[in-house]
Amino acid sequence: MRLSTGAVIVFGEGIHSIMSINLVALLILFQVTYLGVLIYLDGYFETKSKDRYWMRIQNQ
C-alpha cells in the first residue's frame, strides 16, 4: 500500500493534469495492478518449483 500511495503522491498531479481522473480512483487502480502482479508472480514461481527464491525476494 505504501508504494501505491507514494506513486499517487509523486505522480498524481501530473497524471491529473493529463487525465481527468480522481486521485482516489488512481490509488485503487495502482493497488489492484500491484496485487495482480504479486498474484501472477506467486503462481509463476510456484509452477516453476522455485518457491524458496520467491520467499527470499519477498523477505528483502
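Residues numbered from 1 in each chain as written. Predicted model: local features only at pLDDT ≥ 70, side-chain atom pairs only at ≥ 80, totals over all residues. Heavy atoms only, no water.

## Overview of the overall build of the protein chain
Then, in step 1: Along its length, the protein chain carries three helices and zero strands.
Then, in step 2: Put simply, the protein chain runs from its N terminus to its C terminus through helices and strands in the order α-α-α.
Then, in step 3: Relative to its full complement of 60 residues, the protein chain shows a buried share of 12%.
Then, in step 4: Summed over all atoms, the accessible surface of the protein chain reaches about 5100 Å², with 65% contributed by carbon and sulfur. (Helix = DSSP H or I, 4+ residues; strand = E, 2+ residues; numbered from the N terminus. Buried < 20%, exposed > 50% of the residue type's maximum accessible area, 1.4 Å probe, protein only. Areas by Shrake-Rupley, 256 points an atom, 1.4 Å probe, with all protein chains shown as cover.)

## Observations regarding a nonpolar patch on the surface
Then, in step 1: There is a patch of nonpolar side chains on the surface, built from I9, V10 and F11 and spanning about 360 Å² of accessible area.
Then, in step 2: By the secondary structure assignment, V10 is in helix α1 (residues 2-18). (Patch = residues over 30% accessible without salt bridge, like charges linked within 9 Å, V, L, I, M, F, W, Y side chains within 5 Å. Salt bridge = Lys/Arg side-chain N within 4 Å of Asp/Glu carboxyl O.)

## Considerations on the packing of aromatic side chains
Then, in step 1: Applying the stated criterion across every chain, the model contains one aromatic pair.
Then, in step 2: Centre to centre, the rings of Y40 and Y44 are 6.4 Å apart; their planes meet at 25 degrees, and the pair counts as stacked. One end of the pair, Y40, and the other, Y44, are both in helix α2 (residues 23-47), four residues apart, so they sit about a helical turn from each other. (Phe/Tyr/Trp six-rings, centres within 6.5 Å; stacked < 30°, edge-to-face > 60°.)

## Concerning the confidence of the model for the protein chain
Then, in step 1: Across the protein chain, the average pLDDT comes to 77, with 88% of residues at 70 or higher.
Then, in step 2: Across the protein chain, the element-wise mean pLDDT spans from 72 in helix α3 (residues 51-58) up to 83 in α2. (pLDDT = per-residue confidence, 0-100.)

## Digging into the environment of V8
Then, in step 1: Within the secondary structure, V8 sits in helix α1.
Then, in step 2: Through-space distance from the C-alpha of V8 to that of L27 is 6.1 Å; in sequence the pair is 19 residues apart.
Then, in step 3: Excluding anything up to four places from it in sequence, V8 contacts L23, L26, L27 and F30. (Contact = heavy atoms within 4.5 Å.)

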